[in-house]
Amino acid sequence: MSTKVGIKSYSYCLNHAPETGSHYGGTPYEAYHSGKEQEYLDALPKHIQSYDHALHYAPNQTYIGGISYEEFEALPSGWVNNPLPDEKSKRYGKFGELMPEDEFLGLISACDEFELVWLEKNFAENVSKKLAEDPVITEAIVKRVLRPKNMHELSEIETEVKERAGLYLYNEGKIVGCIRSGHPTDDCLTAHVLMENLAGKASGVLALLHLMKNSGMNPNDLDFVIECSEEGAGDVGQRAGGNFAKAIAEVAGCVNASGCDVRGFCAGPVNAMINAAAQVASGARKNVAVVAGGSIPKLYMNSRDHVKKNLLALEDCVGSFAVLIVPDDGTMPVMRLDVLGKHTVGAGGAPQAVTSALTFEPLQSAGLTFTDVDRYAPELQNHEITEPAGAGNVPLANIKMIAALAVMKKAIEKPAMMDFIKKHGTIGFAHTQGHIPAGVPFIGHACEMINEGKIKRAMIIGKGSLFLARLTNLADGASFLIEAPEPVKTESTLSKEEIKAMLLETLSEVAGRLS
Amino acid sequence: MGKLAGKKLLLLGERDGVPGPAMEACLKDSGAEIIFSATECFV
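Residues numbered from 1 in each chain as written. Chains lettered and ligands numbered in written order. Predicted model: local features only at pLDDT ≥ 70, side-chain atom pairs only at ≥ 80, totals over all residues.

Here we take up the sheet that holds strand S6 (residues 174–179) of chain A. Working definition: the strands of a sheet are paired by backbone hydrogen bonds and lie parallel or antiparallel to each other. Residue and element names in this part refer to chain A. Across the sheet, 4 strands lie side by side as S4-S3-S6-S5; this open sheet has mixed pairing. Edge positions in the sheet fall to strand S4 (151–152) and strand S5 (167–171), since each of these pairs with one other strand and no more. Sheet strands in contact with helix H10 (residues 154–164) are strand S3 (117–120), S4, S5 and S6, and its direction is about 55° off that of S6. (Pairing = 2+ DSSP bridges. Helix = DSSP H or I, 4+ residues; strand = E, 2+ residues; numbered from the N terminus. Contact = placed C-beta atoms within 7 Å. Axes fitted to C-alpha atoms, helices over the stretch in contact; angles between N-to-C directions.)

We now examine the domain arrangement of chain A. All names here are of chain A. You can read the domains of chain A as domain 1 (4–327) and domain 2 (335–483). Computed over C-alpha atoms, the centres of domain 1 and domain 2 are 26 Å apart. Domain 1 puts 49 residues into the contact, and the matching count from domain 2 is 43 residues. Broken down by secondary-structure element, the contributors of at least two residues to the side of domain 1 that touches domain 2 are strand S1 (4–16), helix H5 (58–64), helix H6 (69–74), helix H13 (268–282), helix H14 (303–308) and strand S10 (317–327). Sorting elements by how many residues they give to the side of domain 1 that touches domain 2 places H13 first, with 9 residues. Here the residues of the side of domain 1 that touches domain 2 are counted per class, giving 30 nonpolar, 12 polar and 7 charged. (Domains from an automatic or database assignment. Nonpolar A, V, L, I, M, F, W, Y, C, P; charged D, E, K, R; others polar.)

With 11 residues of chain B at the contact, the number on the chain A side is 20 residues. Per-class residue counts for the side of chain B that touches chain A are 7 nonpolar, 2 polar and 2 charged.

So, about the confidence of the model for chain B. Of the residues in chain B, 98% reach a pLDDT of 70 or more, and the chain-wide mean stands at 88. When pLDDT is averaged over each element of chain B, strand S1 (residues 8–14) of chain B comes out on top at 92 and helix H1 (residues 20–27) of chain B at the bottom at 89. (pLDDT = per-residue confidence, 0-100.)

Let us now look at the packing of helix H15 (residues 351–365) of chain A against helix H17 (residues 394–408) of chain A. Residues and elements named next belong to chain A. At a closest axis distance of 10 Å, the pairing of H15 and H17 adopts a crossing angle of 85°. Taken together, the axes of H15 and H17 lie roughly perpendicular to each other. Here Pro-351, Gln-352, Thr-355, Ser-356, Thr-359 and Phe-360 of H15 come into contact with H17, specifically with Met-401, Ile-402 and Leu-405. Along the lines of polarity and charge, the residues of the contact of H15 with H17 split into 5 nonpolar, 4 polar and no charged. (Parallel < 35°, antiparallel > 145°, perpendicular 65-115°, else oblique.)

Residue and element names in this part refer to chain A. For Asn-15, the position within the fold is in strand S1. Residue Asn-15 is classed as buried on the basis of its 28 C-beta neighbours within 10 Å. In the structure, Asn-15 is positioned 304 residues away from Gly-319 in sequence and 6.4 Å away in space, judged by C-alpha atoms. Look past the residues within four positions of Asn-15 in its chain and what remains in contact with it is Met-99, Phe-104, Ser-203, Leu-206, Cys-317 and Val-318. (Buried ≥ 20, exposed ≤ 12 C-beta atoms within 10 Å, placed from the backbone.)

This next bit is on the pairing of S6 of chain A. All names here are of chain A. Two strands pair when backbone bridges link them, and S3 and S6 are joined in this way by 3 bridges, in the antiparallel orientation. Along S6, the bridge assignment pairs Val-117 with Ile-179. Pairing analysis gives 5 bridges linking S5 to S6, with the strands arranged antiparallel. Across the sheet, residue Leu-167 finds its bridge partner in S6, namely Ile-179. Counted along the chain from S5 to the antiparallel partner S6, the turn is 2 residues long, and its residue Glu-172 has a positive phi close to 50°.

This is how it looks when you write it as structure tokens:
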């Protein structure tokens, strides 16, 4: 079995969702229902950034591949006050797109199989026309937006919300639709839960569609999908039964694929990558797409602090990504399966132990040292979002821990720490969407830099806050290496006919000697 | 016994910083009473 797989392609998308977020993001939703934070709720709309501003925001363009990582790294700090020029602020980047909110609502409707999404008729018609212009949105998806069962009069939508526990959908301050409740008593099928799950599905579909485009793969040829978001789709019997992967593959037209979900909070994507790579390396699957949609509850999670400090509330995008894993053929960046970081149960929670388990131990097992990795990508949250909320600069905190461990292990001298941090660290550019920033946003940029000969090796690190589910006090973590390809050694093989001919030749020689 | 002896402690940890259980382990012999320890995630 090979210990390497190829990373054939990748996609990264954002769905701008400020109005959905300001109503149903976890923090505003909780504030509204507590009835105690009217001042914050009244102020939040004044702190929302426009779609145009989001397009000009450097971390967003870095995420969708509108600018390279090196361009991003060279930018002055204070991205929010230094918008990118128009020519670098397009909707479509090399990896994916930043979709506006009205089209996202249309896409959510297209992903609905159970008449759960009702859009106002004129809105649905208008948004279907806009979606039709998107290069990855298929005709079949556009038609789904226009299904009569998903298009209703505003009066019907109002009745559904008032009398049957639906939730309004908004655009430009107006009601444009609703999410309906899926069951009169089941807590797992409330309109709120279904909105989260359908948004996760729709954003995952968008990432998978871009992956098919970026890879040039016919959707019919996709073998398997592993979905790794943090949403739970189920009913009262099994609250997170699944399965997002197959539901996403269905809408994306991947008719020969099946799939399953992998979970682990923010460690989910790295574990899903390892799972996918192992399946491809073993030959169990011809290819696997690792996919994750994003999270509505995480929108405006830290906005109380952003509002309090009179800053823009930047947590307004639902993130998604997809990576296509195929057998290694020596032509594309590879993911190694023989150098994996694993945060074991017994490792404990001390920062030094966690960092050692995820970096030093796998590197040591492969005969590598800290400086052999050109870039470390641990938890890539955008610090312009997290610092005002008191959560610090997460990627910087992580690379500092790696540098300190490198000093302890005598891989570098103490005075070289700051140089190591600058040279080997990565700056966060991802939205605080839980699993989305967990190292994986750098896979695309790492592969680009490897293909351009700028780096040889990157380490992707994900950490999951398992304790949030109240099952264990433990956190989790996992890591893997991406490397430049090497020519694949092919073993020479003989056909049956060639063996037969050789045997006959030998027997004939033996017979000749006997006669 | 150090200067924390007899004190009551509330420990608020953070995943990418120092988690609650790690602080508990450091402070178990301090003579202080740990009355609350938690780890939070803000990202």
